[in-house]
Amino acid sequence: MSTIEVKDFKKHYGKVKAVDGVSFNVEPGEIFGFLGPNGAGKTTTIRTMMDFMRPTAGKITILGLDSVDDTVQLKGKIGYLSGEIRLYSKWTGKEHIDFVRSLNSKKKDTSKELIGRFGLDPSVKTKQLSTGNRQKLGIIMALMLEPEVLIMDEPTTGLDPLLQNTVYDLLREVTQQGSTVFVSSHNLAEVDKMCDKVGIIKNGKMVAIESVQSLKQKRMHIAEAHFETEFNKNDFAVEGIS
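Described in the following lines is the structure provided in the data block. Since we're looking at a predicted model, the values are computed, not measured. (Residues numbered from 1 in each chain as written. Predicted model: local features only at pLDDT ≥ 70, side-chain atom pairs only at ≥ 80, totals over all residues. Heavy atoms only, no water.)

**Details of the sheet that holds strand E4 (residues 57–62)**
- Pairing within the open sheet is antiparallel, and its four strands lie in the order E2-E1-E4-E5. With one partner strand each, in any of the chains shown, strand E2 (16–26) and strand E5 (65–66) form the two edges of the open sheet.
- Relative to E2, strand E1 (residues 4–13) runs antiparallel, the two sharing eight bridges. Bridging across to E2, Glu-5 finds its partner in Asn-25.
- Running over the sheet, helix H1 (residues 42–49) touches E1, E2 and E4 and is turned about 115° from E1. (Pairing = 2+ DSSP bridges. Helix = DSSP H or I, 4+ residues; strand = E, 2+ residues; numbered from the N terminus. Contact = heavy atoms within 4.5 Å. Axes fitted to C-alpha atoms, helices over the stretch in contact; angles between N-to-C directions.)

**Looking at the packing of helix H4 (residues 111–118) against helix H6 (residues 161–176)**
- The geometry of H4 relative to H6 is characterised by a closest axis approach of 10 Å and an angle of 150° between their N-to-C directions. Overall, the two elements H4 and H6 adopt an arrangement that is roughly antiparallel. Listed contacts from H6 to Leu-114, Arg-117 and Phe-118 of H4 are Leu-163, Thr-166, Val-167, Asp-169, Leu-170 and Glu-173.
- Partitioned by chemical class, the residues of the contact of H4 with H6 number five nonpolar, one polar and three charged. (Parallel < 35°, antiparallel > 145°, perpendicular 65-115°, else oblique. Nonpolar A, V, L, I, M, F, W, Y, C, P; charged D, E, K, R; others polar.)

**Quick look at helix H3 (residues 93–103)**
- All of the buried residues in H3 are Gly-93, His-96, Ile-97 and Val-100. Burial along H3 is one-sided: seen end-on, the buried residues are contained in an arc of 95°.
- Among the structural elements, H4 and helix H5 (131–143) are those in contact with the buried residues of H3. (Buried < 20%, exposed > 50% of the residue type's maximum accessible area, 1.4 Å probe, protein only. Arc of directions from axis to C-beta.)

**Comments concerning the packing of aromatic side chains**
- Counting across every chain of the model gives eleven aromatic pairs.
- Residues Phe-32 and Phe-182 carry aromatic rings whose centres are separated by 5.6 Å and whose planes lie at 10° to one another, so their mutual orientation is stacked. Here Phe-32 is found in strand E3 (residues 31–35), whereas its partner Phe-182 is found in strand E8 (residues 180–185), with 150 residues between them in sequence.
- One aromatic cluster is present, built from ring pairs that chain together Phe-24, Phe-32, Phe-34 and Phe-182. (Phe/Tyr/Trp six-rings, centres within 6.5 Å; stacked < 30°, edge-to-face > 60°.)

**Re unusual backbone geometry**
- Phi is positive for Asp-8, which is not a glycine, with a value near 50°.
- Along the chain, Asp-8 falls in strand E1.
- The partly exposed category is assigned to Asp-8, whose relative accessible area is 40%.
- One non-glycine residue, Leu-63, lies in positive phi territory at about 55°.
- By the element assignment, Leu-63 lies in the loop between E4 and E5.
- You can call Leu-63 partly exposed: its relative accessible area is 24%.

**Here's the deal with the packing of H4 against H5**
- Closest axis-to-axis distance for the H4/H5 pair is 10 Å, and the angle between their directions is 150°. It follows from the interaxial angle that H4 and H5 lie roughly antiparallel. Crossing geometry of H4 relative to H5 is assigned as right-handed. Side by side, H4 and H5 meet where Ser-111, Leu-114, Ile-115 and Phe-118 of the first sit next to Lys-136, Ile-139, Ile-140 and Leu-143 of the second.
- A breakdown of the residues in the contact of H4 with H5 according to their chemical character gives six nonpolar, one polar and one charged. (Left-handed = near helix turned anticlockwise from the far one by under 90°.)

**Side note on the pairing of E3**
- Along E3, five of the five residues are buried, which leaves the element largely enclosed by surrounding structure.
- Residues Ile-31, Gly-33 and Leu-35 line one face of E3 and the alternating positions Phe-32 and Phe-34 line the opposite face, and both faces are buried.
- Of the strand pairs in this sheet, E3 and strand E9 (residues 197–202) are connected by four bridges, and their pairing is parallel. Across the sheet, Phe-34 pairs through a bridge with Gly-199, a residue of E9.

By themselves these figures say nothing about function.
Structure representation (structure tokens):
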């Protein structure tokens, strides 16, 4: 059974079709990259997976549970990172982490290890944190209780390249421990580094679902040549090249 199954999912706002008939599966232990330009429908899909929005049509199941009917049960199994992190400005990072821990007190808590890996000072109030440090805190809260499924919307936003690599390493580690990861991005190079499979969305529709290896083989290369003398175009008719 697939960990995540999205079948003919649609989200319409009147005549505006934000997502229009998207289908894909994410398999156990996989890092699935959801790739597309801004406005393609990535965040709408993720918010509906989390039941923050309801689908116009179609069905989404996670761990065999319906995203709408079983939403409360699923919240205890999913680690979630929003693309637009909202934090309590008067709380410290530690208070946020303590709050997340209190929601699932029986689960193993890896927050101390994650704080060390990201170099975050948890005693600082979040209103004083930089964009990068707010992102670190969001990632820690998503990962700290070792969720069965991790859903992350643009997780490396605001992070320097070294910390981006830390995120890639962590995602690999959690899948080795049995978790499944769904991560959105608009950056093909980033998806290449961290994902096993990629679903590409454009204008609310899936245009491809490929392994990263297959996608790399289809990458376009452009070569420009200049000649000192006249040449015959037919001499350059090579199969697979236009």
